[in-house]
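Single-letter residue listing:
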Amino acid sequence: MATNLKYSAVLKNAQLNAISTTVGTSALLNIYSGTQPTNPDTAITSQVLLATLACSATFAPSASGGVLTVNAVSNGTGTAGAGAGTTATWFRVTTSGGTAHMDGSVGTSGCDLNLTGSASIATGQTVSVTSWTISSGN
């Protein structure tokens, strides 16, 4: 028989709240080009850091309805590695000290983190996240 796990709303919210607890105060949102690693425990190799954005001191308020709505994220600036414009493909959230805890896809729609307009980031370009929600699974 196939797997068919289902979670209560209370458990979904607890799982999402663990993200805020684990990334701690002032987490960093790092946006990259290249192939997304297997998981956050996998080292970054040939991927290029395109921008780093600082998350609020409190990552998010308590989850509700299986959704974690991330607090404001400060604007970042395209790094030298972004060049004239490089397509962002994935992100990694780390603690302020750099310990990786969450990776996800980046694009303009249908991704874990959707950028407004274009997913291309250039050196010196302002990079903004206007809103960000993280949903639980089943």
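Note that this is a predicted model, so its numbers are computed, not measured.

This next bit is on the sheet that holds strand β6 (residues 90-94). What links the strands of a sheet is backbone hydrogen bonding, and the strands pair in either a parallel or an antiparallel sense. Pairing is mixed in the open sheet, where five strands are placed in the order β2-β1-β6-β7-β8. The outermost strands of the open sheet, each flanked by one partner alone, are β2 (48-54) and β8 (113-114). By the bridge criterion, five bridges tie β6 to strand β7 (residues 100-107) in an arrangement that is antiparallel. Pairing of Val-93 across the sheet is with Met-102, part of β7.

Okay, the environment of Tyr-7 next. Looking at the element boundaries, Tyr-7 is found in the segment before α1 (9-23). On the basis of relative accessibility, which here comes to 31%, the residue Tyr-7 falls in the partly exposed class. Remark: the alpha-carbon pair of Tyr-7 and Ser-135, spanning 128 residues in sequence, is separated by 13 Å.

Position of Arg-92 relative to the elements: it lies in strand β6. Judged by relative accessible area, which is 4%, Arg-92 ranks as buried. Within the local environment of Arg-92, its side chain forms a polar contact with the backbone oxygen of Asn-39, the two atoms lying 3.2 Å apart. A polar contact of 2.7 Å, which involves the side chain of Arg-92, links it to the side chain of Asp-103. Apart from residues lying up to four places away in sequence, Arg-92 is in contact with Leu-28, Leu-29, Asn-30, Tyr-32, Pro-37, Asn-39, Pro-40, Thr-42, Ile-44, Ala-100, Met-102 and Asp-103.

Another aspect to go through is the packing of aromatic side chains. Note on aromatic pairs: each is described by the distance of the centres and the angle between the planes. Tallied over the entire structure, the rule returns three aromatic pairs. With a centroid separation of 5.9 Å and an interplanar angle of 80 degrees, the aromatic rings of Phe-59 and Trp-132 are classed as edge-to-face. Of this pair, Phe-59 sits in the loop between β2 and β3 (67-69) while Trp-132 sits in the loop between β10 (126-127) and β11 (133-135), and the two are 73 residues apart along the sequence. The residues Phe-59 and Trp-132 share a single accessibility class, namely buried.

Here the structure, examined in full by the defined rule, presents one salt bridge. The shortest N-O distance in the salt bridge between Arg-92 and Asp-103 comes to 2.7 Å. Here Asp-103 lies in strand β7 and Arg-92 lies in strand β6, a separation of eleven residues in the sequence. In this structure, Arg-92 and Asp-103 share a single accessibility class: buried.

The rules we used
Residues numbered from 1 in each chain as written. Predicted model: local features only at pLDDT ≥ 70, side-chain atom pairs only at ≥ 80, totals over all residues. Heavy atoms only, no water. Pairing = 2+ DSSP bridges. Helix = DSSP H or I, 4+ residues; strand = E, 2+ residues; numbered from the N terminus. Buried < 20%, exposed > 50% of the residue type's maximum accessible area, 1.4 Å probe, protein only. Polar contact = N/O pair within 3.5 Å; in protein donor to acceptor, adjacent residues only side chain to side chain. Contact = heavy atoms within 4.5 Å. Phe/Tyr/Trp six-rings, centres within 6.5 Å; stacked < 30°, edge-to-face > 60°. Salt bridge = Lys/Arg side-chain N within 4 Å of Asp/Glu carboxyl O.

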